[in-house]
Amino acid sequence: MAVHRFPEGFLWGVATSAQQIEGACDEGGRGESLWDRYAKTPGNIADGSNPFTACDHYHRWREDIELMKWLGVNAYRLSIAWPRILPNGSGAPNEAGLDFYEQLVDELLAAGIKPFVTLNHWDIPQALVDAGGWPERDTVEAFVEYTDAVTRRLGDRVRAWATHNEPWCIAVQGYEEAGHAPGRKNPMEALRTAHHLLLSHGRATSVIRANAPRSEVGIVLNLAPGWPASDSPGDADAVRIHNGLFNRWYLDPLLRGTYPADAIADRVCFGQLPSPELPFVENGDMETINAPLDYLGVNYYGRSVVKAGSDGRPAGVCPVPPEELTEMGWEVFPEGLTRLLSELVQDYDIPAIYITESGAAFSDTVDDDGRIRDPLRTAFLRDHIAAASDAIKAGVPLRGYFAWTLMDNFEWQHGYKMRFGLFRVDYDSLKRTPKESAHWYRGVTAANAVEDERR
Ligand code: IFM
């Protein structure tokens, strides 16, 4: 069996986000977040749950660092809850919130685990949403103020920062498809949101560089390479459109300083823009967004197989039988990761890449002997790590891999039904138990290598 050995210094990590694990939503001076409020409306969260306790990481963080030590990871991607730092969105920072993250970071560093901190993993203070939220340009300034407060306190010890997690999800799921908080259906608000996220990324980058000069600064995108359902020219064009709207709408501004012209034309055609002028772009914005990045964070969960839809838009096609999908209804397609990473470095000048999320939701149970057998999750991780190794061999500057996620947690609109964790969380006792996949990942971190079992 082939073995993929990883370069010396490769980072093996796990990732989480504050809203999904912390709980303690009204403790330590924390303000209300967008998702706290959204979860209160019946029907918004599939299982009627909320993030108010989640995994209680706010009180159990020391125990959670022990889990990471046991896993042998040398990096941990966490996010900061914006409403813990600026409960009302502006004003004096909440010292208790900063203290919480300072302790967490210090303890991680003492354990030899490098913190990768994301500033915005979706939990914007509700006060800012009430003032208009991401569709409003003022929110850019609010994010810069927040970034300044956090990086002033932690900038001397956190060496890896990401501004935003998955701007596409915030913009499109939140403001166009109404699948995420705040549940809006307005394509122009989605475009304004995307632009303000990108602009605030650029503005925040210079603040981080000033406050944390020795750190790496990046952003995390969810990218799904388009794949044609057939060899027809129509399906090839559907792939181009998908890639333009989903991937290049974010990559091009960040890495080239322009929105993709073909995707602008497509949006005009689909009635999302009245003309090719982008009314939300002001002088200097694109240069700000195009600030040099130290790394790109890539969250990869699968490809998008598309065909030409009857209305001219790409229509999604499921290429495998439903029983082969994950609990989220997503295809498992590791080859897409190799292709995605290789194309990214062909098409753009990217100094370094981290896979900042990779994982799958499969239902699992505790067997009579207490073990949690989750072979599908192990296979998912194993094959994606092998695919990542293929990309490194092809010359991709891939520096690390973060499994999503350390432990089962609040999966947004799905509540607690989707279990992505390496550790199972019993939501009654909040006990964490390693699944078989966690034992397996522990072996990978120890060996800095993975066996290739792909067929
Ligand atoms: O849980 C989410 C995470 O918050 C963002 N990326 C995708 C994950 C799985 O849906």
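Refer to the structure printed above.
Residues numbered from 1 in each chain as written. Predicted model: local features only at pLDDT ≥ 70, side-chain atom pairs only at ≥ 80, totals over all residues. Heavy atoms only, no water.

Could you clarify how one ought to interpret empty space enclosed by the protein in this entry?
Once rolled over the atoms, a probe with the size of a water molecule shows which space is left empty. Following the criterion strictly, the structure yields three cavities of 30 Å³ or more and no others. By volume, the largest cavity is sized at about 100 Å³. Lining the largest cavity we find 14 residues, and of these Leu-34, Trp-35, Trp-122, Ile-170 and Ala-181 sit closest to its centre. Elements that contribute at least two residues to the lining of the largest cavity include exactly helix H2 (34–39) and helix H8 (167–175). (1 Å grid on protein atoms, 1.4 Å probe; cavity = no way out; pocket = protein on both sides within 12 Å on 5 of 7 lines; lining within 4 Å. Points joined across faces, edges and corners; volume = space filled by probe spheres on them. Helix = DSSP H or I, 4+ residues; strand = E, 2+ residues; numbered from the N terminus.)

Looking at this structure, how should I read the site of the ligand?
In the neighbourhood of the ligand, 13 residues make up the surrounding shell, with Gln-20, His-121, Glu-166, Glu-357 and Glu-411 lying closest. Here Gln-20 contributes a side-chain N or O atom positioned 2.7 Å from an oxygen atom of the ligand. At a separation of 2.6 Å, an oxygen atom of the ligand approaches a polar side-chain atom of Glu-411. A total of 280 Å² of accessible area belongs to the ligand in isolation, and the protein chains cover 95% of it. Judged by the proximity of its atoms to the pocket grid, the ligand belongs to the largest pocket. (Near = heavy atom within 4 Å. Polar contact = N/O pair within 3.5 Å; in protein donor to acceptor, adjacent residues only side chain to side chain. Areas by Shrake-Rupley, 256 points an atom, 1.4 Å probe, with all protein chains shown as cover. Sits in = over half its atoms within 2 Å of the grid points.)

Would you mind showing me how to read the sheet that holds strand S3 (residues 75–79) here?
Paired through their backbone hydrogen bonds, the strands of a sheet run either parallel or antiparallel. What the eight strands build is a closed barrel, ordered S2-S3-S4-S5-S6-S8-S11-S12; its pairing is parallel. On average, adjacent strands in this sheet sit at an angle of 25° to one another, irrespective of strand direction. Of the strands in this sheet, strand S4 (114–120), strand S5 (160–165) and strand S6 (216–222) are in contact with helix H9 (residues 187–211), which crosses S5 at around 165°. (Pairing = 2+ DSSP bridges. Axes fitted to C-alpha atoms, helices over the stretch in contact; angles between N-to-C directions. Contact = heavy atoms within 4.5 Å.)

What is the right way to read the pairing of S3 from this model?
Every regular strand shows the same layout, with side chains that alternate between the two sheet faces. Within S3, five of the five residues are buried, which leaves it mostly tucked inside the rest of the structure. Going residue by residue along S3, you find Ala-75, Arg-77 and Ser-79 tucked away on one face and Tyr-76 and Leu-78 tucked away on the opposite face as well. Here three bridges tie strand S2 (residues 11–15) to S3, and the two strands are oriented parallel to one another. Note that in S3 the partner of Ala-15 across the bridge is Arg-77. (Buried < 20%, exposed > 50% of the residue type's maximum accessible area, 1.4 Å probe, protein only.)

Got a minute to help me understand helix H10 (residues 233–256) in this structure?
In a regular helix each residue adds 1.5 Å, so 24 residues correspond to 34 Å; H10 covers only 28 Å between its end C-alpha atoms and thus falls short of that length. Arg-248 marks the point of greatest bend in H10, at about 60°. Along H10, 18 of the 24 residues are buried, which leaves the element largely enclosed by surrounding structure. Positive phi shows up at Gly-257, right after H10, with a value of about 80°. (Expected span 1.5 Å × (residues − 1). Bend = angle between axes of the 7 residues up to and from the residue.)

Before we go on, may I ask you to explain the packing of helix H3 (residues 57–71) against helix H5 (residues 95–110) in this structure?
It is the contact of H3 with H5, at a shortest axis distance of 11 Å, that shows an interaxial angle of 10°. The angle between H3 and H5 falls in the class roughly parallel. In this structure, H3 contributes His-57, Tyr-58, Trp-61, Arg-62, Ile-65 and Met-68 to the contact, and H5 contributes Phe-100, Gln-103, Leu-104, Glu-107 and Leu-108. By residue class, the composition of the contact of H3 with H5 is seven nonpolar, two polar and two charged. (Parallel < 35°, antiparallel > 145°, perpendicular 65-115°, else oblique. Nonpolar A, V, L, I, M, F, W, Y, C, P; charged D, E, K, R; others polar.)

Would you mind showing me how to read the pattern of salt bridges here?
Where side chains of opposite charge bring their charged atoms close, a pairing between them can arise. Scanning the entire structure with this criterion turns up 44 salt bridges. Across the pair Lys-114 and Glu-216 runs a salt bridge, and its minimum N-O distance is 3.3 Å. Placement of Lys-114 in strand S4 and of Glu-216 in strand S6 is noted, with a sequence separation of 102 residues between them. (Salt bridge = Lys/Arg side-chain N within 4 Å of Asp/Glu carboxyl O.)

Would you explain the packing of aromatic side chains in this entry?
When we look at a pair of aromatic rings, we describe it by the centre distance and by the angle of the planes. As enumerated under the stated definition, the model contains 30 aromatic pairs in all. Here the aromatic rings of Trp-227 and Phe-333 are separated by 5.0 Å at their centres, their planes lie at 80°, and the arrangement is edge-to-face. One end of the pair, Trp-227, is in strand S7 (residues 226–228); the other, Phe-333, is in the loop between strand S10 (314–316) and helix H13 (335–347), and 106 residues separate them in sequence. Judged by its relative accessible area of 15%, Trp-227 falls in the buried class. Take Phe-333: its relative accessible area is 10%, and that puts it in the buried class. Through successive ring pairs, a cluster of aromatic residues spans Trp-35, Tyr-38, Trp-122, Phe-410, Trp-412, Tyr-416 and Tyr-427. Between Arg-84 and the ring centre of Phe-100, over which it is positioned, the NZ or CZ distance is 5.8 Å. Its end group placed over the ring of Phe-333, Arg-303 keeps NZ or CZ at 3.6 Å from the ring centre. (Phe/Tyr/Trp six-rings, centres within 6.5 Å; stacked < 30°, edge-to-face > 60°. Lys NZ or Arg CZ within 6 Å of the ring centre and 35° of its normal.)

What should I look at first to understand the sheet that holds S10 in this one?
The sheet built from three strands is open, its strands ordered S7-S9-S10 with mixed pairing. Unpaired on one side and paired on the other, S7 and S10 mark the two borders of the sheet. Each strand axis lies, on average, 50° off the axis of its neighbour in the sheet, ignoring direction. Direction of pairing for S7 relative to strand S9 (residues 304–308): parallel, over a ladder of three bridges. Among the inter-strand pairings, Pro-228 is bridged to a residue of S9, identified as Val-306. Together, S7, S9 and S10 form the strand contacts of H10, whose direction differs from that of S9 by roughly 125°.

Is there a simple way to think about helix H11 (residues 261–269) in this case?
Since the α-helix advances by 3.6 residues per turn, residues separated by three or four positions end up pointing in the same direction. Along H11, the residues that are buried comprise Ala-263, Ile-264, Asp-266 and Arg-267. Down the axis of H11, the buried side of the element spans an arc of 160°, and every buried residue falls inside it. For H11, exposure combined with an orientation more than 90 degrees from the buried face picks out Ala-261 and Cys-269. Packed against the buried residues of H11 are H9 and H10. Just beyond H11, the residue with positive phi is Gly-271, at close to 80°. (Arc of directions from axis to C-beta.)

What is the right way to read the side chain of His-4 from this model?
For His-4, the location among the structural elements is in strand S1 (residues 3–5). There is a polar contact of 2.7 Å between the side chain of His-4 and the side chain of Ser-389. Of note is the side chain of His-4, whose polar atom sits 2.8 Å from the side chain of Lys-393. With sequence-adjacent residues up to four places away left out, His-4 is seen in contact with Ala-386, Ser-389, Asp-390, Lys-393, Asn-448, Ala-449, Val-450, Asp-452 and Arg-454.

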